[in-house]
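Observations on chain architecture
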Amino acid sequence: MSSTASCSNNKVLSIEELTVSFDGFRAVDSLSLSVNHDELRVIIGPNGAGKTTLLDMICGKTKPTSGRVIFNGIDITRLSEHQIVRSGIGRKFQTPSVYEDLTIFENLEISLPRTHGIYQSLTFRRSRDIVERIHIMAEQIFLIQQVNDRAGQLSHGQKQWLEIGMLLMQESSLLLLDEPVAGMSPREREQTGELLSRIAIGKSVIVIEHDMDFVRQIAHKVTVLHQGKVLSEGSAEEVKRDPHVIDVYLGH
Ligand code: ADP
Ligand code: MG
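Let us look at the structure shown here. Computed from a predicted model, the values in this text were never measured in an experiment.

What follows deals with the pairing of strand S1 (residues 11–22). The pairing of S1 with strand S2 (residues 25–36) spans eight bridges and is antiparallel. Bridged to Val 20 within S2 is Val 28. Two successive antiparallel strands, S1 and S2, enclose a turn made up of two residues, where Asp 23 displays a positive phi of approximately 50°. By the bridge criterion, five bridges tie S1 to strand S4 (residues 66–71) in an arrangement that is antiparallel. Residue pairing across strands places Glu 16 opposite Arg 68, the latter belonging to S4.

Spatially, six strands are ordered S6-S7-S8-S3-S9-S10 in an open sheet, and the strand pairing comes out mixed. If you trace the sheet from one side to the other, it starts and ends with strand S6 (89–92) and strand S10 (229–234), each paired once. For this sheet the average axis-to-axis angle between neighbouring strands, irrespective of direction, equals 20°. Direction of pairing for strand S9 (residues 221–226) relative to S10: antiparallel, over a ladder of five bridges. Within the sheet, the bridge partner assigned to Leu 225 lies in S10 and is Val 230.

Cut-offs and rules
Residues numbered from 1 in each chain as written. Chains lettered and ligands numbered in written order. Predicted model: local features only at pLDDT ≥ 70, side-chain atom pairs only at ≥ 80, totals over all residues. Heavy atoms only, no water. Pairing = 2+ DSSP bridges. Helix = DSSP H or I, 4+ residues; strand = E, 2+ residues; numbered from the N terminus. Axes fitted to C-alpha atoms, helices over the stretch in contact; angles between N-to-C directions.

The following block contains the structure:
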């Protein structure tokens, strides 16, 4: 689905010595990391480690004090949030924001990118294609049975799925998800894990998460943040064994 043509390497995102300071406090401090195509990266770390702030800088909501964000070889550090979305980065925030009065179908429909060139001329085909795409998406996010129900009737976990579906309709090539399983039942968590693993094929996904069982289920690689810096990086098992990680995060 992604149309990126970076043959030279497999890197989708490179963060280079990114720093943001709020009144002298460095929430993210000279942080570097990179994410590959098809990769599902999980970021963990104690409260206040800078995880959300990092995502805020990738999506342009917060501007760094110094450092760069390179996406598909292009420096996006100074682009607006809107331009960053259009370049292919989608963000899901911690609390779900779906349109409660609209149906699941309608929520997915309004998330379609508006720049499809075929809009005017092929109205009939467009609507048929789009209806099919929306149903496929509803199926993917486990909401096909509810597709004509209003979103307000969904459980908290189902709203999170709907929002992931709304993000996917935008066809972003990099997805940023801040604690997507917060408030979900164990069964919903497992299904979300399957969903995210499926999504990561052909895209890249960065997930912030706390639940280590869930992290182990989904992560290709885990980055541990602490005080705005990378404390450790590796497989879920590797970081779990890292004494520094046990010390500041997992041990207490
Ligand atoms: P995490 O998501 O890892 O829990 P955050 O990125 O939300 O951490 O916050 C990291 C630190 O930066 C916290 O100490 C927080 O209080 C601080 N911080 C975040 N945003 C701002 C802001 N806009 N102004 C001042 N301090 C902030
Ligand atoms: Mg956070």
